[in-house]
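Each chain, letter by letter, is given below.
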Amino acid sequence: MNTLRLLLDTFWDESVWLPPNTTWEDLEPGPDKVVIYNDYRHLFYPLPLALVLIVLRHVLEKYWFAPFGKSIGIKNTRPKKAPNNPKLENAYQASSKLKHKQLLLRKDEICALAKQVDLSERQVERWWRLRRSQDKPSTLVKFCENCWRCSFYLYNFSYGMFILWEKTWLWDIDQCYIGYPHQGVTGDVWWYYMISSAFYWSLTISQFWDVKRKDFWQMFVHHIATIALLSFSWVCNLHRIGTLVLLTHDCADIFLEAAKATKYASYQKLCDFLFTIFTLLWIVTRNGIYPFYIIWSTSIRAPMLLPMFPAYYIFNSLLCLLLALHMVWTWLIVQVAYKSISAGQMEGDIRSSSSDISDSSHHSNHSTPNRVRSKKDA
């Protein structure tokens, strides 16, 4: 017990987490304090809230998004199942565990399998294609997922803009540091933090059964980094800059999810229009406002206005990690935009597995058998 107490005291060392001459007692919430300080114990609230969001998503997808999708002609058909063949199934599972690129077979592998199961090479190839397709979700499932995310981002961005409109730090970012760490948290900001954290926890959990995409681990790192950022900023009372980061991130995502949903619904012109807005907003917010306003502020202005401490450098490093992910995704988005312009329309799902491209290609007048099979977003 003494060892655990020592470890906790070392981890929560005030010289690491707080500015000089500040103690945890100074920031302890209480009726005698002038402002309402953040309570670190509230970081547990997003976990049950995440389960609520998962249930809410299930209800909306089943009783609202799915019926709406069917009403506009989106089918819930699943690919034909591959015939039962234990040897081929074992080979498929082994290929999956080895993360064989796109689960494709080389010529020599096809020959070897054909001999083992006493089938022709063509039959083995056909079985393999059917087995790969079997794991793909239906277009309706992907449509519902995009509708849920679009709805949440629209709500969260609207709520964030509504509550921050009259906050001084939205218009003068220096107010994020002036008076720090004795900055109180209001009820509206508390809910903004809790619901946003809950959403990213729900994405982290549901990612393991959602539509599998090429950037699974990048998105996993993104979600964990975002949760860590929200937690760090909450514990260190840096919630003001945290709200600006949330607002900047939610804006473009609304149009991204809407573009993908309209793609699955075969509204190509609307999809192209929304994708254009998304691309412009992405570049402006995540490659303009985020690095040249927020990161510049946390890296240049903050050291001028308040004494630095180790936890702040960790917080700023996480912000830079998000920026690095933005740069990678921006390059991929530009590639998608270029190919879309060349083809005359947006092709496939920006952040997707090969299944998304295969499905969307059925709705395209420019489909080709050798189309590039995966795109990317953020």
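Residues numbered from 1 in each chain as written. Predicted model: local features only at pLDDT ≥ 70, side-chain atom pairs only at ≥ 80, totals over all residues. Heavy atoms only, no water.

A. Summary view of the overall build of the chain. Regarding its fold elements, the chain presents 14 helices and 0 strands. When its helices and strands are written in sequence order, the chain yields α-α-α-α-α-α-α-α-α-α-α-α-α-α. Burial statistics for the chain: of 378 residues in total, 50% are counted as buried. A separation of at least 24 residues holds for 78% of the contacts in the chain among residues at least 6 apart in sequence. Roughly 19,400 Å² of accessible area belongs to the chain as shown, and the carbon and sulfur atoms make up 65% of that amount. (Helix = DSSP H or I, 4+ residues; strand = E, 2+ residues; numbered from the N terminus. Buried < 20%, exposed > 50% of the residue type's maximum accessible area, 1.4 Å probe, protein only. Contact = heavy atoms within 4.5 Å. Areas by Shrake-Rupley, 256 points an atom, 1.4 Å probe, with all protein chains shown as cover.)

B. Spotlight on the pattern of salt bridges. Applying the stated criterion to the full structure yields 8 salt bridges. Its salt-bridge partner being Asp 39, residue Arg 41 comes within 3.0 Å of it at the nearest N-O pair. When its relative accessible area of 11% is taken as the criterion, Asp 39 is described as buried. In this structure, Glu 61 engages Arg 57 in a salt bridge whose closest nitrogen and oxygen atoms are separated by 2.8 Å. Taken as a pair, Glu 61 and Arg 57 lie in helix α3 (residues 46-71) at a separation of 4 residues, close to a single helical turn. The exposure class assigned to Arg 57 is buried, which follows from its relative accessible area of 9%. Connected through shared salt-bridge partners, Glu 28, Asp 39 and Arg 41 make up one network. (Salt bridge = Lys/Arg side-chain N within 4 Å of Asp/Glu carboxyl O.)

C. Looking closely at the side chain of Ser 202. Take Ser 202: it is sitting in helix α9 (residues 187-206). Separated by 2.6 Å, the side chain of Ser 202 and the backbone oxygen of Phe 199 make a polar contact. Once residues within four sequence positions are removed from consideration, Ser 202 is found in contact with Ala 50, Leu 53 and Ile 54. (Polar contact = N/O pair within 3.5 Å; in protein donor to acceptor, adjacent residues only side chain to side chain.)

D. Inspection of a nonpolar patch on the surface at higher detail. Residues Leu 51, Ile 205, Phe 208, Trp 209 and Trp 217 make up a contiguous nonpolar surface patch of about 570 Å² in total accessible area. Within the secondary structure, Leu 51 sits in helix α3. (Patch = residues over 30% accessible without salt bridge, like charges linked within 9 Å, V, L, I, M, F, W, Y side chains within 5 Å.)

E. Spotlight on the packing of aromatic side chains. Taken as a whole and judged by the stated rule, the model has 26 aromatic pairs. Taking the centre distance of 5.0 Å and the plane angle of 85° together, the rings of Trp 190 and Trp 191 count as edge-to-face. When the centroid spacing of 6.0 Å and the interplanar angle of 35° are considered together, the rings of Phe 275 and Phe 278 count as tilted. Of this pair, Phe 275 and Phe 278 are both found in helix α12 (residues 268-305), 3 residues apart, which corresponds to roughly one turn of the helix. (Phe/Tyr/Trp six-rings, centres within 6.5 Å; stacked < 30°, edge-to-face > 60°.)

F. Structural detail: the UniProt feature "transmembrane region" (unreviewed entry) in the chain. Following the UniProt record, the feature "transmembrane region" (unreviewed entry) maps to residues 43-60, 190-209, 216-235, 271-293 and 313-334 here. Taken end to end, residues 313-334 comprises 100% helix and 0% strand; its first and last C-alpha atoms sit 31 Å apart. (UniProt positions renumbered as here; feature names shortened; annotations may be inferred.)

G. Looking closely at the packing of helix α10 (residues 216-235) against helix α13 (residues 310-343). Where α10 contacts α13, the two axes come as close as 10 Å, and the packing angle between them is 150°. Comparing the axis directions of α10 and α13 gives the class roughly antiparallel. You can see that α10 and α13 cross each other, and the crossing is left-handed. Taken together, the residues of α13 that come into contact with α10 (itself represented by Gln 218, Met 219, Val 221, His 222, Ala 225, Thr 226, Ala 228, Leu 229, Phe 232 and Ser 233) are Ile 314, Phe 315, Leu 318, Leu 319, Leu 321, Leu 322, Leu 325 and Trp 329. Considered class by class, the residues forming the contact of α10 with α13 number 14 nonpolar, 4 polar and no charged. (Axes fitted to C-alpha atoms, helices over the stretch in contact; angles between N-to-C directions. Parallel < 35°, antiparallel > 145°, perpendicular 65-115°, else oblique. Left-handed = near helix turned anticlockwise from the far one by under 90°. Nonpolar A, V, L, I, M, F, W, Y, C, P; charged D, E, K, R; others polar.)

H. Just the environment of Ile 163, in detail. With respect to the secondary-structure elements, Ile 163 resides in helix α7 (residues 139-164). If we ignore the near neighbours within four places in the chain, the residues touching Ile 163 are Asp 188, Val 189 and Tyr 192.

I. Representation of the confidence of the model for the chain within the structure. Chain-level statistics for the chain give a pLDDT mean of 83 and a share of 84% at 70 or above. Counting contacts from residues 97-102, a segment whose pLDDT is below 50, to residues more than four positions away or on other chains yields 6 contacts. Under a pLDDT of 50 for its full length, residues 351-378 has, in the predicted model, 83 contacts with residues more than four places off or in other chains. (pLDDT = per-residue confidence, 0-100.)

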